[in-house]
Amino acid sequence: MKFEVLILGNSSATPMFDRHPTSQVLNFNEQLFLIDCGEGTQMQLSRYGIKSNRIGHIFISHLHGDHYLGLVGLLSSMHLVGRKSDLHLYGPAALKEILDVQFLHSETVLRYNLIFHPISPDGPGIIFENRTMKVSAFPLTHRIACTGFRFDEGPRARTLLGDVVQALNIPTVYYPAIKKGMDYVDEKGDVYPADQLSLPAPKSRSYVYCSDTVRTVNYLPYVQHADLMYHESTFLHDMVDRAKETFHTTALEAGEIAKETHAKKLLLGHYSARYRDLAPLLEEARTVFPNTELSIEGKWFLV
């Protein structure tokens, strides 16, 4: 089952060196989730072949412009191309007021239902859940209210032993039940345990998105054991005082957080415009967490 993230933008507040403000697309089994929507997001979606009307849920971490100023344009374009399906939007409560003012003065009435879900910055909580995916928000520490997001895959099915079930002539109608761990009973009453017909279900996967934040221990309980962690890494550690002043994180700190929370892999991002060359950021994080990569625009990363 597909579970991967596409980087649309990886820059901090000022777009620079052909890097765009923050935005990502998460593809889970062809369900598309948009995470943050900086300026130019709809252009990046087009550039990388993502049809915006396939996006069913948008998550906005906070109301600094580099994380949401592309939203009005994207929502308007969805309207102009005739979107009909519901769109769910999750973000700070004040985001609804911003959108209402924009649409009021442009005399825009969306053709589709935009369903807004305000996120409380005061504590963690589940904001979306279905049979295959659970999304949780958790508070970060930034200059304004900010949340991170955790995407947890639901329980996965067991893997059928094809040769075994075919040799026993088990009708395919029973395959889904076996994948759920149920035993098979044939017409004679003979019982074939599920563990003889299938392999244990693979471990469910998780993606953690840590938006703008100063390093604290407060959010660490919510990001434990991620298969893939994205963490902002605005500065090199020689600017740690500046990072604290602006409520951001250094690449070294991001690596230490990934190590402390037992992440499998770390993605860096939200790079300051002062860095044309990103290699030093990667090298710094890898001194404490070797399985680190730079988030690169247009690149898919497996969860």
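Residues numbered from 1 in each chain as written. Predicted model: local features only at pLDDT ≥ 70, side-chain atom pairs only at ≥ 80, totals over all residues. Heavy atoms only, no water.

For clarity, the threshold we go by: UniProt positions are given in the numbering used here, feature names are shortened, and annotations may be inferred rather than shown by experiment.
Going by the annotation in an unreviewed UniProt entry, the name recorded for the protein chain is Ribonuclease Z, with Sphingobacterium athyrii given as the source organism. Entered under Catalytic activity (unreviewed entry) in the UniProt record, the comment concerning the protein chain runs "Endonucleolytic cleavage of RNA, removing extra 3' nucleotides from tRNA precursor, generating 3' termini of tRNAs. A 3'-hydroxy group is left at the tRNA terminus and a 5'-phosphoryl group is left at the trailer molecule." The UniProt entry for the protein chain carries this comment under Subunit (unreviewed entry): "Homodimer."

1. Thoughts on the sheet that holds strand β2 (residues 23-28)
Definition in use: By this definition, two strands are paired if DSSP reports at least two bridges between them. In this description a helix means any DSSP run of H or I spanning at least four residues, a strand means any run of E spanning at least two, and both kinds are numbered starting from the N terminus. Note on definitions: angles span 0 to 180 degrees between N-to-C directions of axes, and those axes are lines fitted to C-alpha atoms, for helices only across the stretch in contact.
Strand order in the open sheet made by the seven strands is β6-β5-β4-β3-β2-β1-β18, with mixed pairing throughout. A single partner strand is all that each edge strand has here, and the edge strands are β6 (114-118) and β18 (300-302). Recorded for the sheet is a direction-independent mean angle of 20 degrees between the axes of neighbouring strands. Sheet topology places strand β1 (residues 3-9) next to β18; three bridges connect them, and they run antiparallel.

2. Digging into the UniProt feature "binding site: Zn(2+) 1" (unreviewed entry) in the protein chain
Convention followed: Here a cavity is any set of points on a 1 Å grid over the protein atoms alone where a 1.4 Å probe fits but cannot get out, and a pocket is any open set with protein on both sides within 12 Å along at least 5 of 7 lines; a residue lines the site when it has an atom within 4 Å of a point. Classification of residues uses two cut-offs on accessible area relative to the type maximum, computed with a 1.4 Å probe and protein chains only: under 20% is buried, over 50% is exposed, and between them is partly exposed. Any pair of residues with heavy atoms lying within 4.5 Å of one another is described as a contacting pair. Polar contact is defined as a pair of N or O atoms within 3.5 Å, subject to the rule that within protein one atom must be able to donate a hydrogen and the other to accept it, and that residues adjacent in sequence are counted only when both atoms are side-chain atoms.
Per the UniProt annotation, the sites labelled "binding site: Zn(2+) 1" (unreviewed entry) are H62, H64, H142 and D212. On the basis of their most widely separated C-alpha atoms, the annotated residues across 151 residues gather in one place, lying no more than 10.3 Å apart. Annotated residues from the preceding list that form part of the lining of the second largest pocket: these are H64, H142 and D212. With respect to the element layout, H64 can be found in the loop between β4 (55-59) and α2 (71-80). Overall, the relative accessible area of 17% leaves H64 in the buried class. If we ignore the near neighbours within four places in the chain, the residues touching H64 are H142, R143 and I144. Mapped onto the fold, D212 is located in the loop between β14 (206-210) and β15 (228-232). When neighbours within four sequence positions are excluded, D212 is seen to be in contact with H62, H67, L140, T141, H142, C146, E232, F247, H248 and H270. A distance of 3.2 Å separates the side chain of D212 from the side chain of H67, its partner in a polar contact.

3. A short note on the pattern of salt bridges
Any two side chains of opposite charge can pair, on the condition that their charged atoms come close. Basically, it comes down to this: Salt bridge, as used here: a side-chain nitrogen of Lys or Arg that lies within 4 Å of a carboxyl oxygen of Asp or Glu.
Taken as a whole and judged by the stated rule, the model has 14 salt bridges. Note that E30 is salt-bridged to R54, the shortest N-O span being 2.8 Å. Placement of E30 in the loop between β2 and β3 (31-37) and of R54 in the loop between α1 (41-47) and β4 is noted, with a sequence separation of 24 residues between them. Looking at E30, the relative accessible area reads 40%, which means it is partly exposed.

4. Looking at the packing of aromatic side chains
What counts here: For Phe, Tyr and Trp, where Trp contributes only its six-membered ring, two rings pair if their centres lie within 6.5 Å, and the inter-plane angle classes them as stacked under 30 degrees, edge-to-face over 60, or tilted in between.
Counting across every chain of the model gives 13 aromatic pairs. Taking the centre distance of 5.5 Å and the plane angle of 85 degrees together, the rings of F59 and F151 count as edge-to-face. Separated by 92 residues along the polypeptide, F59 in strand β4 and F151 in strand β9 (residues 146-153) bring together distant segments of the chain. Residue classification places F59 among the buried positions, given a relative accessible area of 0%. F151 sits in the buried class, given a relative accessible area of 0%. When the ring of F149 is compared with that of Y209, the centres are 6.4 Å apart and the planes differ by 20 degrees; the resulting orientation is stacked. Remark: Y209 occurs in strand β14 and F149 occurs in strand β9; sequence separation between them is 60 residues. Comparing F149 with Y209, the two get one shared label, buried. Aromatic ring contacts, followed pair by pair, group F33, F59, Y90, F128, F149, F151, Y207, Y209 and Y230 into a single cluster.

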